[in-house]
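Listed below, chain by chain, are the residues.
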Amino acid sequence: MKTNRARWIACLLACAIGVSLTACGKDKKDSSSKNASDSVAAGEESSEGTIASEDLAKMQKQDMTFSYAIDADDESSGNADVPVNKGVTSQNGGSSGEDSYVVVTDDSGQAVKDDSGNVVTEVVKGENNSGSGNESSTAAGGNSNSSNGNSNSGSSYQADMKTFQAYWLDMSNGDNVVCNGDFLDVTFKIKDDAPDGNYALTAGENDFANWDAESVPVAFVDGDVAVGSAAEQSAGSAESGTFTIAAGTAKGNPGDEVTVRFDMSDNPGIVALIFRFKYDANALEVVNASVGSDCKDYIKMAVS
């Protein structure tokens, strides 16, 4: 039973992100045959309808790997219904006298989109600008209805939401892995032309699984990178007793590199994960990522 369960989880997660494993394409009848299971458990070489030792090793353990900037259309979660800009809360807050952009949200706190699926923002007039009231515009793709999003640039700001992805699988020990604390450390470079403002790090589509082939729900606490004159936000906190990954906060100026820590808490035990978060790639560039100090003894990184 454990052999079939291991193969099921490995194929499910590996194929979900496009990892090429020949065993994923084998007939289901082969995986359920007693002879195949016995030969896999014994580590025998592959024959017709069985899993080779090399393929089994690949399915049992794949060290942590990262993808820094996945386009929405390239996300291989298998769920095309996941909104690209779900939870976007970044804004371009200029210094005194400058216009700034604030994302319009509904009563539930979600970003409002227009008919084309673009995130809608409001222009908040700076103190030194003439006129009053707010103007509606588009923050992510499409054409803006505003004539001036930032007084220094002369054009509306265009967000470009990308997805960071971490993938890991380790069933080689025959049990769940439990680690809490510093899970991931992700370093961003603030782009030279990034307007002052707060840029949120929001939840992507996440998949975690345990040894018993059960999906493990995980909550996500948004993080934030403050740029220039924007104030650094207070880090959010996880709800006690709920498996959570909480993104931290950071502050810097255009051209700086800042590191955001992602903390894991109340981990019930996992053997595999696909972890994603979204960020504005027009303001931030991921330049490095590593497994955090509290989890590096349990979750190994792939050697590139």
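Everything that follows concerns the structure shown earlier in this document.
Below: a short report on this structure. (Residues numbered from 1 in each chain as written. Predicted model: local features only at pLDDT ≥ 70, side-chain atom pairs only at ≥ 80, totals over all residues. Heavy atoms only, no water.)

**Structural notes on the overall build of the protein**
When you go through the protein residue by residue, the secondary structure sums to 4 helices and 15 strands. Of all 304 residues assigned to the protein, the portion counted as buried reaches 46%. Within the protein, residue pairs in contact and separated by at least 24 positions form 72% of the contacts whose partners lie at least 6 positions apart. Entry remark: accessible area of the protein is about 14,400 Å², with carbon and sulfur atoms responsible for 43%. (Helix = DSSP H or I, 4+ residues; strand = E, 2+ residues; numbered from the N terminus. Buried < 20%, exposed > 50% of the residue type's maximum accessible area, 1.4 Å probe, protein only. Contact = heavy atoms within 4.5 Å. Areas by Shrake-Rupley, 256 points an atom, 1.4 Å probe, with all protein chains shown as cover.)

**Some words on the side chain of Asp185**
The residue Asp185 is located in strand β6 (residues 181-190) in this model. Here Asp185 is buried and forms no salt bridge, its nearest opposite-charge partner Arg261 lying at an N-O distance of 5.3 Å. Excluding residues within four positions of it along the chain, Asp185 makes contact with Thr259, Val260, Arg261, Asn288, Ala289, Ser290, Gly292 and Ser293. (Lys, Arg positive; Asp, Glu negative; His and termini not counted. Salt bridge = Lys/Arg side-chain N within 4 Å of Asp/Glu carboxyl O.)

**Here's the deal with the sheet that holds strand β15 (residues 284-291)**
Sheet strands line up and pair through hydrogen bonds in the backbone, either parallel or antiparallel. What the 5 strands build is an open sheet, ordered β9-β11-β13-β6-β15; its pairing is mixed. Single-partner strands in this sheet number two, and they are β9 (219-221) and β15. Along the sheet, successive strands turn relative to each other by an average axial angle of 20 degrees, direction set aside. By the bridge criterion, 8 bridges tie β6 to strand β13 (residues 257-265) in an arrangement that is antiparallel. Bridge pairing links Val186 to Val260 in β13. (Pairing = 2+ DSSP bridges. Axes fitted to C-alpha atoms, helices over the stretch in contact; angles between N-to-C directions.)

**A look at the pattern of salt bridges**
Two side chains that carry opposite charge are able to pair once their charged atoms sit near each other. Summed over all chains, the structure comprises 5 salt bridges. Across the pair Asp182 and Arg261 runs a salt bridge whose closest N-O atoms are separated by 3.9 Å. Here the residue Asp182 occupies a position in strand β6, and Arg261 occupies one in strand β13, the gap between them amounting to 79 residues. By relative accessible area, Asp182 is classed as buried at 5%. For Asp294, the salt bridge goes to Arg261, with nearest N and O atoms at 3.8 Å. Of this pair, Asp294 sits in the segment after β15 while Arg261 sits in strand β13, placing them 33 residues apart in sequence. Judged by its relative accessible area of 35%, Asp294 is partly exposed.

**Regarding the side chain of Asp182**
A distance of 3.3 Å separates a polar atom in the side chain of Asp182 from the backbone nitrogen of Ser293. Excluding its chain neighbours within four sequence positions, the residues that come into contact with Asp182 are Arg261, Phe262, Asp263, Gly292, Ser293, Asp294 and Cys295. (Polar contact = N/O pair within 3.5 Å; in protein donor to acceptor, adjacent residues only side chain to side chain.)

**Quick word on the nonpolar core**
Counting 44 residues, the largest nonpolar core has Met64, Phe164, Phe183, Phe188, Phe262, Phe275 and Phe277 as the members making the most contacts within it. A total of 5 residues in this core trace back to one element, the largest contributor, which is β6. Listed in part, the 7 residues of the second largest apolar core include Tyr167, Leu169, Trp211 and Ala272. (Core = buried A, V, L, I, M, F, W, Y, C linked by side-chain atoms within 4.5 Å.)

**Focus: the packing of aromatic side chains**
Tallied over the full model, the rule gives 13 aromatic pairs. Ring geometry for Phe275 versus Phe277: centroids 6.2 Å apart, planes at 50 degrees, classification tilted. When its relative accessible area of 0% is taken as the criterion, Phe275 is described as buried. (Phe/Tyr/Trp six-rings, centres within 6.5 Å; stacked < 30°, edge-to-face > 60°.)

**Considering the pairing of β13**
Each regular strand displays side chains that alternate between the two surfaces of the sheet. Here β13 shows one buried face, formed by Val258, Val260, Phe262 and Met264, and one open face, formed by Glu257, Thr259, Arg261, Asp263 and Ser265. In the sheet, strand β11 (residues 244-247) pairs with β13 via 4 bridges, with the strands oriented antiparallel. Residue pairing in the sheet places Ala247 in a bridge with Phe262 of β13.

**Concerning the environment of Ala194**
The residue Ala194 is located in the loop between β6 and β7 (197-203) in this model. Distance in space between the C-alpha atoms of Ala194 and Gly228 is 8.8 Å, their sequence separation being 34 residues. Dropping the residues within four chain positions of it, Ala194 is found in contact with Tyr199, Val227, Pro254 and Ala283.

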